[in-house]
Amino acid sequence: MRQMTWVDRGQSVTFDKQFEEDGRPYCVGVARLGSLQTSGAVFTAWIQLRGSAWVESKEGKFRLHQREWIAFEKESRPLIQAGRDGVCIGVALDNDALRLLGTLADCSVYTGRGRMSHAEARLALRLWREAQGPGTSIHHLRPLLLHIASLQRELSGGVQRCPGRSRLRKRQVFGRMQRARMYLEGNSHRVVRISELAELTNFSSWYLSKTFQSLYEESPQALAARLRLERAAMLLRDTDMMIGEVASASGFDNCCSFARAFRSRYGTSASRYREAAETLPPQSAKFPVASRK
């Protein structure tokens, strides 16, 4: 088994082709415009140490910033593209590694994304490096896997709220709900139909909507609308796009419906929101999200 693969300086690597003979590494890294296309046979988790990276998967498109993590199920096949100064490390977990995690503790890893502290990022890097030491085997992944599971500790409460007679079933349901949530986040540029989420999770539309609402205290439609407006706010802050272009890029058919929705959420018009953002220093140009009704 290869200990690690590092894709750097504009290199482009595809998992399936590169590692047919040598075996897939458990530790992977992408840096400085490098790109890595993973396979559908591994669960992957990624940690952005520096700069940014673009991620494209079955769940949609995402941008990773420094000290953010993101994880994908095996079928997602994410493509990781590091920014010019970006450094992103990750793990690729096959069935054996996932079973090992289940034997280490009563925990698992799920599709999702989040942020970490500076100390957590430094620890992740140290454990990632130690997992590549001489004589590395799957058991050397133990500290790193437990750390990744700890980064997802806020998700553990959601497992308990999922329907199911056994903890295994609850985990399965939660994992599918997380994929649905990620799909909404990765497609915030358009309207997502419930039928798409049902197909992704292999649940009925009724079961999906009911479980999603119970788990996240927000319906898929409400979350999708909120994410689209948050995307619009980001575009207003960070780009010079015209208001109509922002509306279109956020999945609104016309400027009137966008204007009503934006004012309802942020309490001001899109143009005034942009003007206010321009008067603030970059580190302060972050507007609070309106509270959920």
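The structure presented is a predicted model; accordingly, all values stated were derived computationally and were not measured. (Residues numbered from 1 in each chain as written. Predicted model: local features only at pLDDT ≥ 70, side-chain atom pairs only at ≥ 80, totals over all residues. Heavy atoms only, no water.)

Draft legend 1. Examining the sheet that holds strand 8 (residues 68-72) more closely. In space, the six strands of this open sheet follow the order 1-3-10-5-8-11, with mixed pairing throughout. Strands at the two margins of the open sheet, each flanked by one partner only, are strand 1 (4-7) and strand 11 (112-115). Neighbour to neighbour, the strand axes of the sheet diverge by 15 degrees on average, direction disregarded. When strand 1 meets strand 3 (residues 27-31), the two strands line up parallel, connected through four bridges. Across the sheet, the residue bridging to Thr-5 is Val-28, located in strand 3. (Pairing = 2+ DSSP bridges. Helix = DSSP H or I, 4+ residues; strand = E, 2+ residues; numbered from the N terminus. Axes fitted to C-alpha atoms, helices over the stretch in contact; angles between N-to-C directions.)

Draft legend 2. Layout of the confidence of the model for the protein. Taken residue by residue, the protein gives an average pLDDT of 89. The fraction at 70 or more is 88%. With pLDDT under 50 throughout, residues 283-293 is counted as low confidence; its partners more than four residues away or in other chains account for 17 contacts. (pLDDT = per-residue confidence, 0-100. Contact = heavy atoms within 4.5 Å.)

Draft legend 3. How the structure looks around the packing of aromatic side chains. In the structure shown here, the tally under the stated rule is ten aromatic pairs. With 5.0 Å between their ring centres and 90 degrees between their planes, Tyr-110 and Phe-174 make a pair best called edge-to-face. Of this pair, Tyr-110 sits in the loop between helix 2 (95-104) and strand 11 while Phe-174 sits in helix 6 (residues 167-186); the two residues are 64 residues apart in sequence, bridging distant segments of the chain. Judged by its relative accessible area of 2%, Phe-174 is buried. Here Phe-252 and Phe-258 contribute two aromatic rings whose centre-to-centre distance is 5.3 Å and whose plane-to-plane angle is 65 degrees, an arrangement assigned as edge-to-face. Each of the two residues, Phe-252 as well as Phe-258, counts as buried. Here a set of aromatic residues connected by ring pairs shows up, and it is made of Phe-252, Phe-258, Phe-262, Tyr-266 and Tyr-273. If you follow Arg-181 out to its NZ or CZ, it ends over the ring of Tyr-216, 4.7 Å from the centre. (Phe/Tyr/Trp six-rings, centres within 6.5 Å; stacked < 30°, edge-to-face > 60°. Buried < 20%, exposed > 50% of the residue type's maximum accessible area, 1.4 Å probe, protein only. Lys NZ or Arg CZ within 6 Å of the ring centre and 35° of its normal.)

Draft legend 4. Structural view of the packing of helix 6 against helix 8 (residues 205-216). Contact geometry of helix 6 with helix 8 gives a least axis separation of 11 Å together with a crossing angle of 90 degrees. Taken as axis vectors, helix 6 and helix 8 run roughly perpendicular relative to one another. Of the residues in helix 8, those in contact with Val-173, Phe-174, Met-177, Gln-178, Ala-180, Arg-181 and Leu-184 of helix 6 are Tyr-207, Leu-208, Thr-211, Phe-212, Leu-215 and Tyr-216. Partitioning the contact of helix 6 with helix 8 into residue classes produces ten nonpolar, two polar and one charged. (Parallel < 35°, antiparallel > 145°, perpendicular 65-115°, else oblique. Nonpolar A, V, L, I, M, F, W, Y, C, P; charged D, E, K, R; others polar.)

Draft legend 5. Layout of the sheet that holds strand 7 (residues 60-64). In spatial order, the strands read 2-4-9-6-7; together these five strands make up an open sheet with mixed pairing. On the outer flanks of this sheet lie strand 2 (12-14) and strand 7, each paired with one strand and no other. Neighbour to neighbour, the strand axes of the sheet diverge by 10 degrees on average, direction disregarded. Sheet topology note: the strand 6 (residues 53-57)/strand 9 (residues 79-82) ladder contains four bridges and is antiparallel. Bridging across to strand 9, Val-55 finds its partner in Ile-80.

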